[in-house]
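Structural features, examined
Residues per chain are reported as follows:
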Amino acid sequence: MSEAMKMIVDGYVRLEDRDALEQLRNHRQRLRQQLRELRGSSLDASRSIQTFDAEVLVIEAALEKLRGLSATG
């Protein structure tokens, strides 16, 4: 995953912007699904799919962190 994506996610966590994180997660999931639908074509999207999978995991961890912050704050 790129440093830029980590910075974006960290920024949303600092801002406690759950909506932006959810939108980012949904966007990455849609892109991943679109690439999966291309399987069988001449395009090898496996690396991109792996990247989106990793990004979704980081975003979900950030959302969980925000849940923890809201439960304690």
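Residues numbered from 1 in each chain as written. Predicted model: local features only at pLDDT ≥ 70, side-chain atom pairs only at ≥ 80, totals over all residues. Heavy atoms only, no water.

1. Here we look at the overall build of the protein
- On a plain count of helices and strands, the protein comes out with three helices and zero strands.
- Each helix and strand of the protein, ordered N terminal to C terminal, gives the series α-α-α.
- Over its C-alpha atoms, taken along the principal directions, the protein stretches across nearly 50 × 20 × 15 Å.
- When each of the 73 residues of the protein is scored for burial, the buried share is 27%.
- By sequence separation, contacts in the protein at least 24 residues apart represent 62% of the contacts at least 6 residues apart.
- With the model as given, the accessible surface of the protein reaches about 5,100 Å², and the carbon-plus-sulfur share is 49%.
- Each charge class in the protein can be summarised by its mean position, and for the 12 positive and 12 negative side chains these summaries are 3 Å apart. (Helix = DSSP H or I, 4+ residues; strand = E, 2+ residues; numbered from the N terminus. Buried < 20%, exposed > 50% of the residue type's maximum accessible area, 1.4 Å probe, protein only. Contact = heavy atoms within 4.5 Å. Areas by Shrake-Rupley, 256 points an atom, 1.4 Å probe, with all protein chains shown as cover. Lys, Arg positive; Asp, Glu negative; His and termini not counted. Charge placed at Lys NZ, Arg CZ, Asp CG, Glu CD.)

2. A few points about the nonpolar core
- Ranked by size, the top nonpolar core spans nine residues in total: Met5, Val9, Val13, Leu21, Leu24, Ile59, Ala62, Leu63 and Leu66.
- Sorting the residues of this core by element identifies helix H1 (3-15), helix H2 (18-36) and helix H3 (46-72) as the ones contributing at least two each.
- For this core, the element with the highest residue contribution is H3, accounting for four residues.
- Not counting the four nearest positions on each side in its chain, Val13 is found in contact with Leu21, Ala62, Lys65 and Leu66. (Core = buried A, V, L, I, M, F, W, Y, C linked by side-chain atoms within 4.5 Å.)

3. Quick look at the pattern of salt bridges
- For the structure shown, the criterion picks out five salt bridges.
- Its salt-bridge partner being Asp53, residue Arg32 comes within 2.7 Å of it at the nearest N-O pair. Pair noted here: Arg32 is in helix H2 and Asp53 is in helix H3, with a separation of 21 residues, a long-range link.
- Taking relative accessible area as the criterion, Arg32 reaches 15% and is therefore assigned buried.
- Relative accessible area serves as the criterion here: at 24%, Asp53 is assigned to the partly exposed category.
- Glu64 is the salt-bridge partner of Arg67, the closest N and O atoms lying 2.9 Å from each other. Of this pair, Arg67 and Glu64 both sit in helix H3, three residues apart, roughly one helical turn.
- Judged by its relative accessible area of 37%, Arg67 falls in the partly exposed class.
- A relative accessible area of 49% places Glu64 in the partly exposed class. (Salt bridge = Lys/Arg side-chain N within 4 Å of Asp/Glu carboxyl O.)

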